[in-house]
Amino acid sequence: MPDEPTSDEPIPSDEAAHRPDPTPTEHQPDGLELARAAAKAAAAGPGRAPKSRSRQQPRRRTTPKSAGAHPDDRDPQLLEAGMERLIASRGWELDLKVQGVFGRWAELVGDEVATHSVPESFADGRLVVRTHSTAWATQLKLLAPSILKRLNTELGHGTVTVIEVVGPHLPTWKKGRLSSRDGRGPRDTYG
């Protein structure tokens, strides 16, 4: 057997054709080799895979949504337009309007009424407003039709159907050493 050339010596062309690859390790294409494989695939034409590698990654065909310089959904969008699409797709329009009303309560009902009342919840057309005293609960019940009209102007006709005015959270005398079983409770309105 003739002497094998070392890796530094050039291999004659007739020997190189019959000699096995000295490093038969599996090689993943990356960098320059990946670019060469992509170029071979492009040169082979559509639908044909290059014949050089048996374990090449599958080829993915992508079709653009549109061609040309016309704007489409892939272009950068303004934040406002994106937020409007998100709100509409999730059905958050009414919730955001109601929360806006809660945030602008003083502007809608006036500063004096707003200092003594707080909107608590909104569900199924019913707005619950809690007052700080029973006197303000009575006053707000008298103002409810005008407040209802103003809220429907802001939110859309028929959004708020009823304003339920509730008084302050009061202590209870149901328990404790000074409670009576059949008593009628305190005679004070705390207001």
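If you check an unreviewed UniProt entry, the protein appears there as DUF721 domain-containing protein from Nocardioides seonyuensis.

K.L.:
Give a detailed account of the overall build of the protein, specifying residues and quantitative values.
P.N.:
Looking only at helices and strands, the protein features seven helices and three strands. Reading the secondary structure of the protein in the N-to-C direction produces α-α-α-α-α-α-β-β-α-β. Intrachain contacts of the protein at a sequence separation of at least 6 include 43% that bridge at least 24 residues.

K.L.:
Requested: an account of the sheet that holds strand β1 (residues 117-123), with residues and values cited.
P.N.:
Taken in spatial order, the three strands make up an open sheet running β1-β2-β3, and their pairing is mixed. Each edge of the sheet is formed by a strand with only one pairing partner; in this case those strands are β1 and β3 (162-166). Each adjacent strand pair in this sheet contributes to an overall mean axis angle of 25 degrees, direction not counted. Pairing geometry for strand β2 (residues 126-131) and β3, over five bridges, is parallel. Looking at the pairing, V129 lines up with V165 of β3.

K.L.:
Before we move on, could you go through the nonpolar core and cite the residues and values that matter?
P.N.:
The biggest cluster of nonpolar side chains holds 19 residues, and the ones touching the most others in it are W105, L127, I147, L151 and I163. Taken together, the elements giving at least two residues each to this core come down to α4 (93-103), α5 (105-109), α6 (111-116), β2, α7 (134-155) and β3. If one sorts the elements of this core by residue count, α7 sits on top with seven residues. With residues near it in sequence (within four places) discarded, I147 still touches W105, V109, L140 and I163.

K.L.:
Describe the side chain of T159, listing the residues and the values that go with them.
P.N.:
Here T159 is to be found in the loop between α7 and β3. Judged by its relative accessible area of 16%, T159 is buried. Engagement of the side chain of T159 in a polar contact is seen with the backbone oxygen of G156, the distance being 2.8 Å. Residues in contact with T159, not counting those within four places in the same chain, are L94, F122, G125 and N152.

K.L.:
I'd like to hear about the pairing of β1, residue by residue, with values.
P.N.:
The side chains of a regular strand alternate between the sheet's two faces. Pairing between β1 and β2: six bridges, direction antiparallel. Its bridge partner lying in β2, S117 is registered against T131.

K.L.:
Go over a nonpolar patch on the surface, please, and point to the residues and values.
P.N.:
Together, L79, M83, L86, W92 and L96 make up a nonpolar patch on the protein surface, roughly 490 Å² of accessible area in all. The dominant element in the nonpolar patch, judged by the number of residues it contributes, is helix α3 (residues 79-90), at three residues. Note that W92 resides in the loop between α3 and α4. The class for W92 is partly exposed, based on a relative accessible area of 37%.

K.L.:
Please set out the side chain of S117 residue by residue, giving values where relevant.
P.N.:
In this structure, S117 sits in strand β1. On the accessibility criterion, S117 (3% relative accessible area) is buried. Among the polar contacts made by the side chain of S117, one reaches the side chain of W105 at a distance of 3.3 Å. One polar contact links the side chain of S117 to the main-chain carbonyl oxygen of V113, over a distance of 2.8 Å. Those residues in contact with S117 that sit more than four places away from it in its chain are W105, V129, R130, T131, H132 and L140.

Cut-offs and rules
Residues numbered from 1 in each chain as written. Predicted model: local features only at pLDDT ≥ 70, side-chain atom pairs only at ≥ 80, totals over all residues. Heavy atoms only, no water. Helix = DSSP H or I, 4+ residues; strand = E, 2+ residues; numbered from the N terminus. Contact = heavy atoms within 4.5 Å. Pairing = 2+ DSSP bridges. Axes fitted to C-alpha atoms, helices over the stretch in contact; angles between N-to-C directions. Core = buried A, V, L, I, M, F, W, Y, C linked by side-chain atoms within 4.5 Å. Buried < 20%, exposed > 50% of the residue type's maximum accessible area, 1.4 Å probe, protein only. Polar contact = N/O pair within 3.5 Å; in protein donor to acceptor, adjacent residues only side chain to side chain. Patch = residues over 30% accessible without salt bridge, like charges linked within 9 Å, V, L, I, M, F, W, Y side chains within 5 Å. Areas by Shrake-Rupley, 256 points an atom, 1.4 Å probe, with all protein chains shown as cover. Salt bridge = Lys/Arg side-chain N within 4 Å of Asp/Glu carboxyl O.

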